[in-house]
Amino acid sequence: MTRVNVKVDGTAYSDDVEPRLLLVQYLRDRLGKVGTVIGCDTSNCGACTVLLDGLSVKSCSVLAVQADGASVTTVEGLSGPDGALHPVQQAFHDHHALQCGFCTPGMMLAACDLLRENPNPSEDEVREGIEGNLCRCTGYQNIVAAVQAAGAAMSASSGGAAESAVADSLASVSAVEASA
Ligand code: FES
Ligand code: FES
């Protein structure tokens, strides 16, 4: 067993885990973060995507011990402390960017990372940014529209800096962590 200290969605955890335990298994089976889903066994689908210190990773391809000392954001930590939807969540809702919803948690977290790097992506840039996340239902068009709309909304609300808006929304998670 190896001790792992990690903050997940604003809460600090300290657990002994098997060194081979995958982060996605730790999140789901130990912490009950079942919003992070498993869609394949080939690290191909992206359904398990989370943010690890702000960067999107496929949590089925990361060991839990590799998250030691890090902050993880799952879909369950995206909304604000008051329950307000994150702009990416709101845009997915507004643009009907999901059908079965299985890909949606990973898709939204990949979008957060994309918008952090590129606040106003073109359609092609969105498609490239989410190419590691597969959707079997939507045909992607509404997802692309939602990601662009989220970037525009965050830019508008932050005076043209969607990157800082994403950082601010993730900082709200950190604020909860600090008070936990
Ligand atoms: Fe498919 Fe992780 S479960 S990439
Ligand atoms: Fe069903 Fe994307 S909404 S897989």
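In what follows, the accompanying structure is described. The numbering scheme is per chain: residues are counted from 1 as the chain's sequence reads. Each chain is given a letter, starting from A, and each ligand a number, starting from 1, according to the order in which they appear as written. Given that this is a predicted model, residues contribute local features only at a pLDDT of at least 70 and side-chain atom pairs are listed and counted only at 80 or more, while totals for whole chains, interfaces and linings are drawn from all residues. Side-chain numbers come from the whole structure's heavy atoms, not from hydrogens or water.

**Describing the overall build of the chain**
Thought 1: Going along the chain from the N terminus, every DSSP run of H or I of four or more residues is numbered as a helix, and every run of E of two or more is numbered as a strand. Summing up its helical and strand segments, the chain has six helices and five strands in all.
Thought 2: Each helix and strand of the chain, placed in order from N terminus to C terminus, yields the pattern β-β-α-β-β-β-α-α-α-α-α.
Thought 3: Buried means the residue's accessible area, taken with a 1.4 Å probe over protein chains only, is under 20% of the maximum for its type, while exposed means over 50%, and partly exposed covers the values in between. With 180 residues in all, the chain has 44% of them scored as buried.
Thought 4: The criterion used for residue contact is that any of the two residues' heavy atoms lie within 4.5 Å. If you take every contact in the chain between residues at least 6 apart in sequence, the share linking residues at least 24 apart comes to 59%.
Thought 5: As presented, the chain carries roughly 8400 Å² of accessible surface, and 49% of it is formed by carbon and sulfur atoms. All accessible areas in this document rest on Shrake-Rupley with a 1.4 Å probe, and a residue is counted as covered only by the protein chains that are shown.

**Describing the sheet that holds strand S1 (residues 2-8)**
Thought 1: Two strands pair under a simple rule: DSSP has to find at least two bridges between them. Spatially, S2-S1-S5-S3-S4 is the arrangement adopted by the five strands of the open sheet, whose pairing is mixed. Strands at the two margins of the open sheet, each flanked by one partner only, are strand S2 (11-17) and strand S4 (55-58). The average angle at which neighbouring strand axes cross in this sheet is 40°, direction not considered.
Thought 2: Across two bridges, the pairing between S1 and strand S5 (residues 71-73) is parallel. By the bridge assignment for S5, Val8 is matched with Val72.
Thought 3: Strands strand S3 (49-52), S4 and S5 of the sheet are contacted by helix H3 (residues 104-117), whose axis makes an angle of about 40° with S3. As a rule, the C-alpha atoms of each element are fitted with a line to give its axis, helices using only the stretch in contact, and angles between N-to-C directions run from 0 to 180 degrees.

**Section: unusual backbone geometry**
Among all residues except glycine, the phi angle is most often negative; among peptide bonds, the trans geometry is most common.
Thought 1: The backbone of Asp9 sits at a positive phi, close to 50°, despite the residue not being glycine.
Thought 2: Along the chain, Asp9 falls in the loop between S1 and S2.
Thought 3: Accessibility expressed as a relative area gives 12% for Asp9, which makes it buried.

**Section: the packing of H3 against helix H5 (residues 141-157)**
Each pair of packed helices can be described by the angle between their axes along with the distance between the axes.
Thought 1: Here H3 crosses H5 at 45°, and the two axes come no closer than 11 Å. Taken together, H3 and H5 sit at an angle that is classed as oblique. The two elements H3 and H5 meet at a crossing, and its hand is right-handed. Mapping the contact onto sequence places Met107, Ala111, Leu114 and Leu115 in H3 and Ile143, Val147, Ala150, Gly151 and Met154 in H5.
Thought 2: Grouping the constituent residues of the contact of H3 with H5 by class yields eight nonpolar, one polar and no charged. For classification purposes, angles smaller than 35 degrees are called roughly parallel, those larger than 145 roughly antiparallel, those between 65 and 115 roughly perpendicular, and all remaining angles oblique. Note on convention: near helix rotated counterclockwise from far helix by under a right angle means a left-handed crossing. Clockwise means right-handed. Here the term charged refers only to Asp, Glu, Lys and Arg, the term nonpolar to Ala, Val, Leu, Ile, Met, Phe, Trp, Tyr, Cys and Pro, and the term polar to all other amino acids, Gly among them.

**Digging into the packing of helix H2 (residues 87-94) against H3**
Thought 1: Interhelical geometry of H2 versus H3 gives an angle of 125° and a closest axis separation of 10 Å. Overall, the two elements H2 and H3 adopt an arrangement that is oblique. Here H2 and H3 pass one another in a crossing that is right-handed. Residues Val88, Gln89 and Phe92 of H2 lie in contact with H3, whose contacting residues are Thr104, Met107, Met108, Ala111, Cys112 and Leu115.
Thought 2: Looking at the contact of H2 with H3 residue by residue, the class counts come to seven nonpolar, two polar and no charged.

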